[in-house]
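For reference, the chains in residue letters:
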Amino acid sequence: SSSSSSSSISSAAAAPVDASAHGTTGPLHVSYKKGFFEGPKKFVSVCAERGATHADYNGRQPPPKVVNHHQFTIKDGKRCSTYTAFLQPNINRRNLEISTESLVQRVTLSKDRTRVTGVEYLDKSGHVRHSLASEEVILAAGAYH
């Protein structure tokens with residue numbers, strides 16, 4: 001019945017995080033804030049009463065009409081960004097080159113064109129630079145914070 005599902009939704013903080021889509025052991029923690037105001041709880045409840053599924057909207061296969069509380073990347077009460085989770089712990093690695101305010105001109109490939117070998121880019125001064133990679137190249141189109 002909708003009244004019993006409504007009360008179970010109101011009492012639950014949020015639908016469980018789909019661990020198959022987010023993972024649970026990596027450095028970027030997906031979670032919900034602790035405690036919800038009555039307004040958002042009521043919103044989730046009313047949407048569910050009207051046919052929306054209470055589920056993880058960032059899950060592997062979210063239903064067409066899904067409702068849930070907002071997800072955050074928070075660890076130990078602090079925002080956990082892609083920078084703090086992945087880049088900051090590796091910032092001093094010898095095999096890591098970071099170039100901000102740069103514009104990639106082309107990705108260079110191996111002779112057989114099966115592997116990325118580096119990038120050619122304009123640095124913030126407008127100079128053409130080349131970076132070679134033996135393992136991997138990560139291009140961030142936009143902000144990486």
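Conventions adopted
- Residues numbered from 1 in each chain as written.
- Predicted model: local features only at pLDDT ≥ 70, side-chain atom pairs only at ≥ 80, totals over all residues.
- Heavy atoms only, no water.
- Helix = DSSP H or I, 4+ residues; strand = E, 2+ residues; numbered from the N terminus.
- Buried < 20%, exposed > 50% of the residue type's maximum accessible area, 1.4 Å probe, protein only.
- Contact = heavy atoms within 4.5 Å.
- Salt bridge = Lys/Arg side-chain N within 4 Å of Asp/Glu carboxyl O.
- Pairing = 2+ DSSP bridges.
- Expected span 1.5 Å × (residues − 1).
- Arc of directions from axis to C-beta.
- pLDDT = per-residue confidence, 0-100.
- 1 Å grid on protein atoms, 1.4 Å probe; cavity = no way out; pocket = protein on both sides within 12 Å on 5 of 7 lines; lining within 4 Å.
- Points joined across faces, edges and corners; volume = space filled by probe spheres on them.
- Nonpolar A, V, L, I, M, F, W, Y, C, P; charged D, E, K, R; others polar.

A. Local environment of the environment of Pro16. Take Pro16: it is sitting in the loop between α1 (2–11) and α2 (19–22). Relative accessible area serves as the criterion here: at 69%, Pro16 is assigned to the exposed category. For the pair formed by Pro16 and Asp56, sequence separation is 40 residues and the distance between their alpha carbons is 6.6 Å. Setting aside its immediate chain neighbours within four residues, Pro16 contacts Tyr32 and Asp56.

B. Representation of the pattern of salt bridges within the structure. One pass over the full model with this rule turns up three salt bridges. Two residues, Glu38 and Lys41, come together in a salt bridge whose shortest N-O distance is 3.0 Å. In this pair, Glu38 and Lys41 both sit in helix α3 (residues 38–49), three residues apart, roughly one turn of the helix. Judged by relative accessible area, Glu38 falls into the exposed class, the value being 56%. As a salt-bridge pair, Asp123 and Arg129 come within 2.8 Å of each other at their nearest N and O atoms. Since its relative accessible area comes to 39%, Arg129 is described here as partly exposed.

C. Quick look at the pairing of strand β8 (residues 128–132). Of the pairings in the sheet, the one linking strand β7 (residues 116–122) to β8 comprises five bridges and is antiparallel in character. By the bridge assignment, Val119 is partnered in β8 with Ser131. Hairpin remark: β7 followed by β8, antiparallel, with five residues in the connecting loop; positive phi at Gly126, about 90°.

D. The arrangement of α3 in detail. For α3, which comprises twelve residues, the first-to-last C-alpha distance of 16 Å matches the rise-based estimate of 16 Å (1.5 Å per residue) to within 8%. Within the sequence span of α3, burial applies to Lys41, Val44, Ser45 and Ala48. An end-on view of α3 places all buried positions within 100° of arc, on one side of the element. In α3, the exposed positions angled more than 90 degrees off the buried face are occupied by Lys42 and Phe43.

E. View of the sheet that holds strand β1 (residues 30–32). With respect to topology, three strands assemble into an open sheet ordered β1-β4-β5, the strand pairing being antiparallel. Either end of the sheet is taken by a strand with one partner, and the two such strands are β1 and β5 (78–79).

F. Layout of the confidence of the model for the protein chain. With 88% of its residues at a pLDDT of 70 or more, the protein chain shows a mean pLDDT of 82. The spread of mean pLDDT over the elements of the protein chain runs between α1, the lowest at 35, and β8, the highest at 95. Predicted confidence for residues 1–12 stays below pLDDT 50, and this span has ten contacts to residues more than four positions away or in other chains.

G. Structural detail: the layout of surface pockets. Its volume calculated, the largest pocket comes out at about 1200 Å³. The wall of the largest pocket is formed by 29 residues, among which Leu96, Glu97, Ile98, Ile138 and Leu139 lie closest to the centre. Broken down by secondary-structure element, the contributors of at least two residues to the lining of the largest pocket are α4 (82–87), β7 and β8. The biggest single contributor to the lining of the largest pocket is β7, with three residues. Classifying every residue of the lining of the largest pocket by side-chain character gives 15 nonpolar, nine polar and five charged.

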